[in-house]
Amino acid sequence: MLSYRYKFSNLLGTVYRHGDIIFSHDGNTVICPVGNKISLYDLRNNRSHTLPIEARFNYTSLALSPNGLILVAAEEDGEVHIINLNFRNVLYRKRFNQPIKSIKFSPDGKHIALTKENAVFVYCAPGTNKRVFDPFVMERVFHGAYDDTTCLDWSFDSRVLAIGSRDMTTRVCPFGKFKNLQEYSIGGNKDTVIAVFFEEKTLGLCTVGADGVVTMWNCSVDPDGLIPEEDPYKAKVKEKEEEEDDVPPTQEEIEKLKMKKIKSDDSQSIERIYYTRNIRLFLAQHLAAAQQVRVTAAQYHKSTRLLVVAFGTGDFLLMDMNDKGALVHSLNISKQTITSVAMNPSGDWIALGVSSLGQLVVWEWQSESFILKQQGHFNNMRVVIYSPNGENLATGGEDGKVKMWSTYSSFCFVTFSEHTATITGLTFTQSGRAIISSSLDGTVRAFDLIRYRNFKTLTSPHPTQFSCVTVDSSGELVAAGGQDSHDIFLWSLQTGKLLEVLSGHVGPVVSVQFSKEPGSTMMASTGWDGTVKVWDAIANTTAKETIVLSSDGLCVCFRPDGKQIAVASMDGQITMFNPSTGQQEGNITGRNDLGAGRADADKITAKKNLEAKAFTCLCYSSDGKCILAGGQSKNVCIYSIEDELLIKKFEITQNRSFDAMDEIISRRKMAENGINLALIEDREGLGSGKGVSIKLPGTRHGDMALRAFRPEVHITSLTFSPTGRSWAASSSEGLLVYSLDNDWLFDPLNLDVSNTPSAVKNKLKEKDYSTALMMAVRLNIKLLKQEVIETIPLNSINLVVSSLPQIYVERALTYLAEALESTPHIGLYTKWVTSLITQHGQTMKARAPHIMSTLNGIQRALSTHQTNLSKVGSHNEYMLSYLLAQASLRKKRGHEDSQDEDEGNSKLAHMSSDAEMEGEDRLEDMFDEEEVEA
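These numbers come from a predicted model, not from an experiment.

1. Looking at the packing of aromatic side chains
Okay, so step 1: Applying the stated rule across the entire model yields 21 aromatic pairs.
Okay, so step 2: Taking the centre distance of 6.0 Å and the plane angle of 10° together, the rings of Tyr41 and Phe411 count as stacked. Linking Tyr41 in strand 4 (residues 37–42) with Phe411 in the loop between strand 32 (402–406) and strand 33 (412–416), this pair joins segments that are 370 residues apart in sequence.
Okay, so step 3: With a centroid separation of 4.8 Å and 75° between ring planes, the pair formed by Trp363 and Phe370 is classed as edge-to-face.
Okay, so step 4: The partly exposed category is assigned to Phe370, whose relative accessible area is 40%.
Okay, so step 5: Ring pairs connect the aromatic residues Tyr92, Phe96, Phe121, Tyr123 and Phe136, which therefore count as one cluster.
Okay, so step 6: Seen from the ring of Phe96, Lys94 lies directly overhead, with NZ or CZ sitting 5.8 Å from the centre.

Given below as structure tokens:
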């Protein structure tokens, strides 16, 4: 049983949540925080993946080391993580107990600077010191700001820091000690300094204020003009060494001492470094809503001197500072606040993140085209389902949108927005060419996944809010349950006509599902009337069976073979029934497995809260041996149906940014009068970019309707992949995908002492291929099976497969289904699969329900390779046709050039002959004149 071998694999559905967006140093990958996880978007290969790390709170600030190996990430509560991107794990954690607004590596990679309250702390970067227990070794602390520091930047030589703060000043602080620079404070802003940047190869500055004022500052000296100050401790040690030395000084040493004295005398008259304002820009004039200008993020590309400034109105401006701040580009990508901006190292791409919409955009400003445009659901997800081949995932949300996600690339490739209310149900047709959705807007819509259009809209005679939808195995009948009419409506998908209205429930119908058995029209439904009804959609309009539950029903699902149904009820129980006879076949009491927490506003304990929890979504595994259950908690439980026991419990998140994550409330969060401090609203720094703040009684600015809230974690839907190697859960955290743990290498079958890897290799050398394959399957070591399969010659495959016992056939087929997805030897593995299915197909047909997940995995891998190869073939075809066209064009041009050359040569020949004739005539005339003179 492999149900307990799943681990977190990827995060879909949520593209960007909040925090800094950064590019990798090659410019091909975007790194952005998604809640308490970090996702990497590969722009070259058009794929994304999520790091298998999880923080206790949401990530807000990111910084990448100059070598691109170390990522430093800060949580919203002040804990900083050092992450190794090669090994994809957290190396070290340090808690600062205060929010970190900005983190920057020095250009030489030796130090890290971070802001905390009104100070900036500089630490040695990890890897610079060897054999240290604590990689955070403090070097310097810069104080002096009267309010929180908001941004910082290093000079190109890592010797000077520029620090911006909410007190509207920018401070230039030397990291070392210089005679002409100690600390220089720059004013001139009327609002918070959002960003500060050094110029390339100089000490010039660029500051951006929250009120949309950009100022360029020139430094009075070049970087070489910084005069280092000698350490007094080292000077005293050197003087003592000179005094202890009995050898009299030489003439050269005397001259050096004189020059040193002269320089020390001159140092008293050293002029201090100062800054002068060069350019001042008011960006409000470039926006339509000038009165609402609020800068939320900015980024400066030092080599090209391009400045990108983003605003709370969803606009961003691209300014060329070489041309005194000339406007290069202006675009509005959203109606919400842009919370983060980044530019790639070449300066061609601009990455923009919108927190409230979960939107991530990579824009190429020169060609004015999108490199990447991804957006999650505006509100929570309500339902998720796998496609029949397991290649895609479909999600529906409270924003009324249906999105299709590729499990291969993790990107959304199509969005259907025809619905005007919350999506309550999704289902694929058996062929996978259409998806059907139900919504609270009173419609059931069918979407074509080939032309990407809404080709059918099904409605009821009277306005009804639909709470669930299902389709039969033939793809002809569509049924949807009503939330307010308590009826089930049955349509024909081909004609769009309403066939029947099935009545019998006396409460809202919350779940309905057709049997997955081919050719079956059996359907089960449950509702808040505490019953489960089994229907035959064609034979009779009345319920075939009515099963009374102990409490209201919340979800019903069929086993893949259609011979069992499972129902989740309000009392936290999962009950299994035989749909044909109505007899109970099992019962699981899982309320205690759900787990519960205490919210900030709760007046009762977590144990009391647990009494109101229940499972709201169920899903059978692909082999029908286990069932997944989730509901009003952070846990997903996998139960064995045969044993009625909990196999494993998955905690989908540890994010303490959500409410009700802990069973008790810490006393540190309680005031003296017993009020929870978390209920006190902090309007400063909500990240909305609209200046919501309460400074003094009677002076209120901004939108007073804004409120900060902490949602609770709920699992709204579960789906199991047809391949059996992954399952997905939609929750408040996003769409989480769990895949089989491939680290489990050793899972032996009928193992004996003589069966060892060396013995398998000896059998290969002896060309006893059948024995070698059986021994490798017994050991079940992935690399060993790969070596055996790729070593056996092609002409021996059919012979080896024919002599393979049935117990090893299914094991070998399961491995081939898994390896076929990633192997480059497609032809070899396809030949193995073809030979196994051809020679053992009749025997495996009797066990089809047990190996259905393996067959689905093979189908998915082959369809993926077919799609990729067809793309490569089409690209090569068009490329060859282009090259042939170019060759013919070049040949034609060469022929024309040769004709032109021949014509030119003939013209030259004629010209030369004419010149010769003229010369002869002139000579004759000259001779005639000479004769006359004579």
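2. Describing the confidence of the model for the chain
Okay, so step 1: Here the chain averages 84 in pLDDT, and 85% of its residues register 70 or above.
Okay, so step 2: pLDDT under 50 marks residues 684–706. Its contacts with residues more than four places away, or in other chains, come to 28 contacts.
Okay, so step 3: For residues 926–934, every residue scores under 50 in pLDDT, and the model assigns this stretch zero contacts once sequence neighbours within four places are set aside.

3. Side note on the pairing of strand 30 (residues 381–386)
Okay, so step 1: Buried residues dominate strand 30, accounting for five of its six residues.
Okay, so step 2: Sheet topology note: the strand 30/strand 31 (residues 392–397) ladder contains five bridges and is antiparallel. If you follow Met381 over to strand 31, its bridge partner there is Gly397.
Okay, so step 3: What sits between strand 30 and strand 31 in their antiparallel hairpin is a turn of five residues, with Gly390 showing a positive phi close to 75°.

4. Focus: helix 9 (residues 806–819)
Okay, so step 1: Taking 1.5 Å per residue, 14 residues should reach 20 Å; helix 9 reaches 20 Å between its end C-alpha atoms and fits that length.
Okay, so step 2: Within helix 9, the full set of buried residues consists of Tyr808, Val809, Glu810, Ala812, Leu813, Tyr815, Leu816, Ala817 and Ala819.

5. Remarks on the sheet that holds strand 40 (residues 488–492)
Okay, so step 1: Ordered in space as 38-39-40-41, the four strands form an open sheet in which the pairing is antiparallel. In the strand order of this sheet, the two ends are held by strand 38 (466–471) and strand 41 (498–502), each with one partner. Taking each pair of neighbouring strands and ignoring which way they run, the sheet shows an average axis angle of 20°.
Okay, so step 2: Both strand 39 (residues 477–482) and strand 40 contribute to a ladder of five bridges, which runs antiparallel. The residue bridging Val478 from the neighbouring strand is Trp491, located in strand 40.

Definitions and limits used
Residues numbered from 1 in each chain as written. Predicted model: local features only at pLDDT ≥ 70, side-chain atom pairs only at ≥ 80, totals over all residues. Heavy atoms only, no water. Phe/Tyr/Trp six-rings, centres within 6.5 Å; stacked < 30°, edge-to-face > 60°. Helix = DSSP H or I, 4+ residues; strand = E, 2+ residues; numbered from the N terminus. Buried < 20%, exposed > 50% of the residue type's maximum accessible area, 1.4 Å probe, protein only. Lys NZ or Arg CZ within 6 Å of the ring centre and 35° of its normal. pLDDT = per-residue confidence, 0-100. Contact = heavy atoms within 4.5 Å. Pairing = 2+ DSSP bridges. Expected span 1.5 Å × (residues − 1). Axes fitted to C-alpha atoms, helices over the stretch in contact; angles between N-to-C directions.

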